[in-house]
Protein chains: 2
Amino acid sequence: MSGNLDKMVYRFGDGEADGRAEMKNLLGGKGANLAEMSHLGLPVPPGFTITTEVCAYYNANGQTYPEGLKADVEAALAAIGEKTGMIFGDADNPLLVSVRSGARISMPGMMDTVLNLGLNDVTVEGLARRADDARFAYDSYRRFIQMYGDVVQGIEHHLFEDILAAVKDARGAEQDTELTAEDLKEVIARYKELVEEETGKPFPQDVNEQLWGAITAVFESWNAPRAITYRKINDIPEDWGTAVNVQAMVFGNMGDDSATGVAFTRNPATGENKVYGEFLVNAQGEDVVAGIRTPQSLTEEARQESGSSLPSLETVMPEVFAQLMDVFHKLEAHYRDMQDVEFTIQNGKLWLLQTRTGKRTAKAALKIATDLVREGLIDTDTAVLRIEPEALDQLLHPTIDPKAARDVLARGLPASPGAASGEIVFDSDTAEQLAAQDRKVILVRVETSPEDIHGMHAAQGILTTRGGMTSHAAVVARGMGTPCVSGAGSITVDYKARTLTAGGRTLKAGDWITIDGSNGDVLEGKIAMVQPELSGDFATLMQWADAARRMDVRANADTPQDAKTARDFGARGIGLCRTEHMFFEASRIAAVREMILADTEEGRRKALDKLLPMQRGDFIGIFEVMAGLPVTIRLLDPPLHEFLPHDDKDIAELAETMGVEIEKLRQRVDSLHEFNPMLGHRGVRLAITYPEIAEMQARAIFEAAVEVKRATGAAPLAEVMVPLVLSRKELDLTAARIHAVAREVMEETGEQIDYMVGTMIELPRAALLAGEIARTAQFFSFGTNDLTQTTLGISRDDAAKFLGEYVAKGIFETDPFVSIDTEGVGQLVRAGVERGRASRPGIKLGVCGEHGGDPASISFFEQAGLDYVSCSPFRVPIARLAAAQAALRAKQA
Amino acid sequence: MSGNLDKMVYRFGDGEADGRAEMKNLLGGKGANLAEMSHLGLPVPPGFTITTEVCAYYNANGQTYPEGLKADVEAALAAIGEKTGMIFGDADNPLLVSVRSGARISMPGMMDTVLNLGLNDVTVEGLARRADDARFAYDSYRRFIQMYGDVVQGIEHHLFEDILAAVKDARGAEQDTELTAEDLKEVIARYKELVEEETGKPFPQDVNEQLWGAITAVFESWNAPRAITYRKINDIPEDWGTAVNVQAMVFGNMGDDSATGVAFTRNPATGENKVYGEFLVNAQGEDVVAGIRTPQSLTEEARQESGSSLPSLETVMPEVFAQLMDVFHKLEAHYRDMQDVEFTIQNGKLWLLQTRTGKRTAKAALKIATDLVREGLIDTDTAVLRIEPEALDQLLHPTIDPKAARDVLARGLPASPGAASGEIVFDSDTAEQLAAQDRKVILVRVETSPEDIHGMHAAQGILTTRGGMTSHAAVVARGMGTPCVSGAGSITVDYKARTLTAGGRTLKAGDWITIDGSNGDVLEGKIAMVQPELSGDFATLMQWADAARRMDVRANADTPQDAKTARDFGARGIGLCRTEHMFFEASRIAAVREMILADTEEGRRKALDKLLPMQRGDFIGIFEVMAGLPVTIRLLDPPLHEFLPHDDKDIAELAETMGVEIEKLRQRVDSLHEFNPMLGHRGVRLAITYPEIAEMQARAIFEAAVEVKRATGAAPLAEVMVPLVLSRKELDLTAARIHAVAREVMEETGEQIDYMVGTMIELPRAALLAGEIARTAQFFSFGTNDLTQTTLGISRDDAAKFLGEYVAKGIFETDPFVSIDTEGVGQLVRAGVERGRASRPGIKLGVCGEHGGDPASISFFEQAGLDYVSCSPFRVPIARLAAAQAALRAKQA
């Protein structure tokens, strides 16, 4: 139960180290980077790292330490003493150290830091003498007792604060800095009393006891409940363990030739190649965080830009500044990326405490990656791997001005990215009317249905109080690129009163709200926005990504407008054109309803004849935009009752329009009712029972293909897709009809048409029988939305009630409708791929579920060997980048 | 494209034959049995069989015959001539033959029979002379032309009948038999004119042309549309082909020493070991079928029993009778089963034309099988294999008296077997009231819901106009053993007017109807019934079955009464006890609704405390009945909204009872609405979000177990089953709660409880991840209802709209909710079994879906290696028998 314990302690500091950056597993991230910086010859305060293996041993052996560890630590401490000229626990010249945890990746719940360890009633005097500053020494001791009491001994933080406040009150002091050394002695005395009360023992005066207390606290914090939960959720093995870093203290608060600061080697907001950071003279790191004093700029240029009157480091300590710039160059050249650095200057000497890869905005990430390629530091593949695909969303949608105040009314799900402000409207007709008057509206509904499409098109944003990330509202909004917050359950909508209520506040129709579809916030009022801009860096990076990826990227698009957006974003065809959306348009719904309510095939054919030219027109528009590229058109999928009215008023209206009895119409509507429409009479089942519908659609597709071929010369590749297939026979029967129509149209027009007939794989049975089905299907498109619903037995429209709890309890790592469930659904996708290819080598395989635009899912699809992914137009760039990264990682692996 | 053509023609007759009974594939069923009878030395008119391989050649080679066939047929014909002393086509002594098809299994659409082939204008004179009966000869010729014209030449049957009727009219004759030889010559002349008009050619006078015409017609009929459809549906390979049998004619109509008859070697209705049959003197087979003359009994005993004044064969032809009895003994001894025999007596000589295993009632099947064991003809395993499991249903339920007139009002699905008569009632409350007055009622609903349980219990039978074989009504009715016809779509129910209308007739509440749940008939009026009786043969056979089977049989039962029925029928435990049914009882629903509508866990726990003693009582009753046997109890499964009222009136009532605002209650009810409840917030998802419900149920189970153990000493084995699991983590969380409650109850009572915690495998993901789940689950029960719904993406409640067409078009062989879809769902069951066993060897595996009572599915479960099946109580005997047969077939294979 223990790994390699040959070497338990790794030393570092001042130009030499036992470890390296690559040894993160053994030394943790912090320890490995401290070792690496030491190797680079950078000024790192000397210290040592106790390995993660020791932690594993500690946990596996009943909280005991391996033999020899104490001696190794003593030797390493002595080595620090030699380098610093100080001695741990020495009354005259005491060495102080910091103790920090350091796992492979940072983890909430782990012990953070104890500073100034090594102080006691005796050494504090030595420090005061050496520093010639009693106040500094007692303040350090006071801070040490407080930190140690809190993080090592588990005494509540506020108890220390209460004592400090009481002493300040008694002295009439407002700031900590107003307390004298004597005052601080008083604080220390009372702190020690507190510790004795709480722990039943005096505050430890033995510096070794202090040190082992802190080391043990780090190891124990590996088993803190928050850390355990975090590891469970993130599938981090229990036996990884954490390292412990012990390092000599350096002080930025030893006078005006001391300082402390943080810096990014480039601008993390814009990516500009300019150092970005701040510092405080005569201060410790805590003071920068506390925000009591105004920090100063590092460079003179930055100071001028900010208009600050406080001098820059460049002016105040030009030599240290030059040294720091040199360090930054070295770090960037070494790590080949922008660094986030912590440093301290003690009596004019620069010390580096940490370096790590800096976080950045999407815009900065693009600029830095492309700049680094130009600077020759990285290659294009590395640049592609540097950008978080999801971050591109920031570049494609308006966002709320980060400086604006956020008055959050409620929170929902971030269903479609981007932010929008508008007047509240509660129905789609009003949304359309107001939009026609150039008024900006947010459509607020309990949930949306296909009948709301016109309102959703008209609105700036959509807010629903029910439904998840893949509810109707969410899916349609993402397709349109319209911001959407869904499932904001704390909002109550009263359609009659035309009001919404949340958190005690009631807003009415016409009031302004703002929604942030990127994080799910619903805000009161109109809030300032930042408009997106696409830089040249974006285009450059996308080119590199396209060169690196294996899978193609298509878009899900139902209209020529959507198709245009998709092409502009680089889609190489359409992977899913949903024909039913075309049926909902006001001008068509009458004919659709006539078709549905007809009692005979003849009646249906009559109504279908009216729909034919309209459908043909739809396809012509899309084929023209996609000139020559493949377009996958799915035959009618939803159950027919979705096209019918359901409430009394609408039924009465329709009855009058159609000239039939209300009661008879209601009976017909009722007879089409389904308990579980998702599993009902839809998809290919419609084509089996009403083949004339599929025939009309096939005719519209092929006639449109001929027309576009003749008009433009760029014949489309029409891929006719049959949905919800579960057996080869269903597809045989339907494909035969489609082929017959194709032959007819070719004979009638004398034109050849390139087309294929294929199927969705969206039912478990279809995946299991993919080998059989592929004998007829010329392509597969995995419909992972429905495949997830059926494999998991979860209706995405109803999942909101428990999905949150499922993620919170770690049953799902993420919403399985957002990132594909690789363990379960993934098995079926892999089976579908393998069996499909086995019986038809070269079969075209893609995915058109919502997962097609999700980077984690795209990575899975790359591994599964799909030929393309298809996603909503606005996610095409994300998918291109994610596909490139997946391909590159696959190559690396 | 052709098989073995080494030998194309197999001869048989009079003590010798080329073929055997085992050669059904090559010779068809009829030909193989004729050969077998010849080997047995029985008097079979000589003939020959053209093999199925010739048919395959014919179809594969552009409707041509293999070389040498003509010569072989000629030689075989000559051989018949030698045996009979007649010559085919001879003017003086003509040989006549019959031509019949003969596939491996009988098939609708195939050509049946041409008799008297070989007659023409010349040979008819020879026949007249030889038989010394001109009328016989011309009648034979007339019949031949009519049959040949109809089945070989495709001339419509009624055209011949019209001519015959016209001649009879002209002669003033009422019966065919009144026509003279001269009259028949007139008929023949006009028949020949008709043939020439219809075919453009005279009726063939060349006997060889006649023969090849008939042979070709048999082969062509293999490709008749009805035959093709039948093969598609039944998955019979196209290349099997049919054989052709050509056989010398023998005549039962050559005077008073001639006769024709049919016989069963035992009574096919009762199984008694007494010959059962009838015959006609001086007649042909057709005459028996036509039913113009009253047939006579074979034995004197049967004549006396029937009170007939017509003499028996035993009296009329004692020698032939004795010979026939001898033949019957030989056949039974040889075939070891009751035979259905056709014979003809020509001038005092007995000829056998066919023997086959006789069809019989369930009762007869039992008696015959057990008798044959006693007689030493078969062993017990063979007896077990002889009974069609489904046929047992006849023995377990009342059936409509076969002699009663059936006034069919409508047809639905045979949803739950048995017949019942009663007054029509349209709601469950009325059903309960009338039943309390000892009135018999049939509950008629568009569809039923859990709220109808009390009415369904009270009714004699249930009729619904919507829903399939696995709709709520069907499943519950089968569980109760109550007859049910579901989905009788041609009936319109008007709840307001309290009438039902079908086929133009309107019946009102209180009118009597009868339903036949075994075939789906709905009949007007009260109809005589036959009550079921279980003979000792049944018990005997069931013992043999139990000895032969490997799988255990349990029952699905929710009440002590059902459990009692199940035990009486031989169930070895309960495989599914649905706890939700207990929640619907009037006395409990208030507490259930209080629990659902509570806003806090505390409120829910308060309501659950009220339910606890009731649930405990339920389990005590069931544990007592099942003394010591395993009882699998499923935690609450349906979505909570199923327990709430939905229409305005009921909501208002409930609001008053609960003392809450109507509007608030409606909002709460609405908020629980689900689009696809089947895929909604149910099963283990309830236990995850409201663990207190599972805890109450677990406590009720364990407390009941302790109480029964103390009271009876027979501690039950409680198997707590968690439904709808899709991941191990769900089960971990829930199992932890259950184990905690078990520990509590054991500590509180000081009693040990044997129990297990397991899960349903009813989602594709659960089957795929069964290996993981089995690390926690101690048993699996495959819930193949929901597994079918999710794997196929078909809601069984909504499937009625297209399932019929799916079966008709051959997409499904049978309703996949009746017999398990072995190709699709079966893969997941097998995966679940293999992966479950791999990670927990010895895991207990069963099935509790509706398929658990279906013989075809049980056969699959045997192959898949399950430990037990569980089905509704009334199907337990069927399942025991089916399981035995499956085990025996597996052993044979």
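The preceding data block contains the structure.
The paragraphs below set out a description of the structure included in this document.

1. What about the packing of helix α5 (residues 134–152) of chain A against helix α7 (residues 181–199) of chain A?
All names here are of chain A. Where α5 meets α7, the closest approach of the two axes is 9 Å, and the angle between their N-to-C directions is 20 degrees. Between α5 and α7, the angle is such that the two are roughly parallel. For α5 against α7, the interelement crossing comes out left-handed. Residues Ala134, Arg135, Tyr138, Asp139, Tyr141, Arg142, Ile145 and Gln146 of α5 pack against Ala181, Leu184, Lys185, Val187, Ile188, Tyr191, Lys192 and Val195 of α7. Broken down by class, the residue content of the contact of α5 with α7 amounts to ten nonpolar, one polar and five charged.

2. Re the relation of the copies chain B and chain A
With an axial shift of 0.4 Å and an RMSD of 0.3 Å, the rotation relating chain B to chain A amounts to 179 degrees. Viewed as a symmetry operation, the transformation between the two copies matches a two-fold axis.

3. Brief notes about the interface of chain B and chain A
Contacts between the two partners involve 53 residues from chain B, matched on the other side by 52 residues from chain A. With both chains or domains summed, chain B and chain A bury close to 4,900 Å², and 57% of this area falls on carbon and sulfur atoms. Our count for the contact surface shared by chain B and chain A stands at four salt bridges. The partner of Arg765 of chain A in a salt bridge is Glu823 of chain B, with the nearest N and O atoms 3.4 Å apart. Remark: the boundary between chain B and chain A carries 32 residue pairs in polar contact (both at pLDDT 80 or more). For the side of chain B that touches chain A, the elements supplying multiple residues, two or more each, are α26 (662–671), α27 (684–689), α29 (728–749), α30 (764–768), α32 (784–792), α33 (800–808) and α34 (825–839) of chain B. Looking at the side of chain B that touches chain A, its residues break down into 20 nonpolar, 15 polar and 18 charged.

4. Overview of the nonpolar core
Judged by nonpolar contacts, the single largest core of 289 residues is most densely connected at Phe623, Phe702 and Phe780 of chain A together with Phe623, Phe702 and Phe780 of chain B. Ignoring any residue separated from it by four or fewer positions in sequence, one finds Phe780 of chain B in contact with Thr759, Ile761, Ala770, Ile773, Ala774, Gly832, Gly836, Ile843, Lys844, Leu845 and Gly846 of chain B.

Reading guide: rules and limits
- Residues numbered from 1 in each chain as written.
- Chains lettered and ligands numbered in written order.
- Predicted model: local features only at pLDDT ≥ 70, side-chain atom pairs only at ≥ 80, totals over all residues.
- Heavy atoms only, no water.
- Axes fitted to C-alpha atoms, helices over the stretch in contact; angles between N-to-C directions.
- Helix = DSSP H or I, 4+ residues; strand = E, 2+ residues; numbered from the N terminus.
- Parallel < 35°, antiparallel > 145°, perpendicular 65-115°, else oblique.
- Left-handed = near helix turned anticlockwise from the far one by under 90°.
- Contact = heavy atoms within 4.5 Å.
- Nonpolar A, V, L, I, M, F, W, Y, C, P; charged D, E, K, R; others polar.
- Least-squares fit on C-alpha atoms with pLDDT ≥ 70 in both.
- Buried area = accessible area lost by both parts, 1.4 Å probe.
- Salt bridge = Lys/Arg side-chain N within 4 Å of Asp/Glu carboxyl O.
- Polar contact = N/O pair within 3.5 Å; in protein donor to acceptor, adjacent residues only side chain to side chain.
- Core = buried A, V, L, I, M, F, W, Y, C linked by side-chain atoms within 4.5 Å.
- Buried < 20%, exposed > 50% of the residue type's maximum accessible area, 1.4 Å probe, protein only.

This is a description of form; function is not addressed.
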